[in-house]
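# Structural features, examined
So the chains spell out like this:
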Amino acid sequence: MMSYPIQQIFRQSYGSYLHSHGGSFDSDKVARAIMDCKSPSMGGNRTVCQDCGSTHTHYNSCRNRHCPCCQSLVKEKWIDARKADVVDAPYFHAVFTVPSELNTLIFANRKVLYNLLYSSSSDTLFELARDKRHLGADIGFMSILHTWGSNLSFHPHVHAIVLGGGLSKEESFIASKSDFLFPIKVVSRLFRGKFLHGLKILYQQEKLDFPPNLEMLRYARMFNDFLSTLYAKEWIPHIKETFKGAANVIEYLGRYTHRIAISNSRILNVCPEAVSFKVKDYRAGTNTTMSLHPEEFIRRFLMHVLPKGFVRIRHYGLLSNRSKRK
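Source: prediction; values computed, not measured.

Scanning the chain for helices and strands turns up ten helices and twelve strands. Expressed as a percentage of the 326 residues in the chain, the buried residues total 46%. In the chain, 70% of the contacts between residues at least 6 apart in sequence involve partners at least 24 apart. Just so you have it, the chain exposes about 17400 Å², and 51% of that area is on carbon and sulfur atoms.

Written out as structure tokens, the structure is:
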């Protein structure tokens, strides 16, 4: 029975990982799906050659959205279904990220703060697009949450694929006249303000959990000092025009929509003591190699399991289902 690299890592070391780290229901479900994918435990079907009578057994995929073996076909089907949605106009790629000081708090409150990332970034795009100084129109875009860096560290950020134009109040299409869509400093400060305002409201409503190393934030004075530190930092979103028209946007979408923390193709070597894989150094623009103990590799992989029922690909404005039908 064929075993894929990440599947091999889990089969080899998941038991010892559980013994050392314990597990949760959601992460355990993902781990067992990966280990069972395309194996007899998933069931399958048998094909028989009508000429020679030879048989071949095909085992079923687990279809888990975190499984590296199952994303290619799902991605292609999703892209085919989206082809009718793409407008023949420029598109922009925006990335909304937060300072690393927030990572621990976000990890402890994944569902509520992932949702805050979506709402803050989408409200920023809508507000700037409706401002006549920038566009003066209602736009459409698609947002996708990624939670990882190239080395599997926890790095939550939202990718938004933004239509470079929108509808005016008179429902005429207004195209963006800028190669940058919106001024990046304006985007940065508006996004920062919206996220931190939302974070303060969640704190006041007592909807935040604090891990042991952030217990001091339970006290209002410490939390306000924490917010002040974050307000003082320059947040760094990124916006670039990525393609012109529908011909290129489809391929580009597929690179982001169904990506998971790491693919099998990046794994270079698997042994009982270490897992080696390719890592991209974004500052230098080069690829390097990283090695982790299998248990640490599994720990980092499972950090990126999404909360149950969480919708990762979200459509807004002109690209939402209701607006598309209209």
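Once you've had a look at it, read on.
On a regular strand, each side chain points to the face opposite its neighbour's, so the side chains alternate between the two faces of the sheet. Bridging between strand β9 (residues 267-270) and strand β10 (residues 275-281) involves three bridges; their strand directions are antiparallel. Across the sheet, the residue bridging to N269 is S276, located in β10. Taken together, β9 and the strand that follows it, β10, pair antiparallel across an intervening segment of four residues.

Next up on the list: the sheet that holds strand β11 (residues 286-292). An order of β9-β10-β11 is seen for the three strands of this open sheet, with the pairing classed as antiparallel. The sheet is open, and its two borders are formed by β9 and β11, each paired with just one other strand. Geometrically, the sheet is characterised by an average inter-axis angle of 30 degrees between neighbouring strands, direction not taken into account. Strands β9 and β10 of the sheet are contacted by helix α1 (residues 5-21), whose axis makes an angle of about 30 degrees with β9. Across the sheet, helix α9 (residues 294-302) is in contact with β9, β10 and β11; its angle to β11 comes to roughly 115 degrees.

Quick look at the pattern of salt bridges now. Tallying each qualifying case throughout the model produces nine salt bridges. The residue R130 makes a salt bridge to D138 at a minimum N-O spacing of 2.6 Å. By relative accessible area, which is 48% here, R130 ends up partly exposed. A salt bridge links E234 to R189, with the shortest nitrogen-to-oxygen separation between them at 3.6 Å.

Thresholds applied
Starting afresh in each chain, residues are numbered from 1 along the sequence in its written order. Local features in this predicted model are restricted to residues whose pLDDT is 70 or higher, and side-chain atom pairs enter the listing and the counts only when it is 80 or higher, whereas totals over whole chains, interfaces and linings include all residues. Based on all heavy atoms of the structure, the side-chain values leave hydrogens and waters out of the count. Runs of E in the DSSP output that reach at least two residues are strands. Runs of H or I that reach at least four are helices, and both are numbered from the N terminus. Residue exposure (1.4 Å probe, protein chains only): buried if accessible area is under 20% of the type maximum, exposed if over 50%, otherwise partly exposed. Any pair of residues with heavy atoms lying within 4.5 Å of one another is described as a contacting pair. Under the convention used here, a 1.4 Å probe and the Shrake-Rupley method define accessible areas, while residue burial counts only the protein chains that appear. By this definition, two strands are paired if DSSP reports at least two bridges between them. Only the contacting stretch of a helix is used when fitting its axis, a line to C-alpha atoms as for every element, and angles between N-to-C directions run 0 to 180 degrees. Within this document, salt bridges are pairs made up of a side-chain nitrogen of Lys or Arg and a carboxyl oxygen of Asp or Glu, the two lying within 4 Å of each other.

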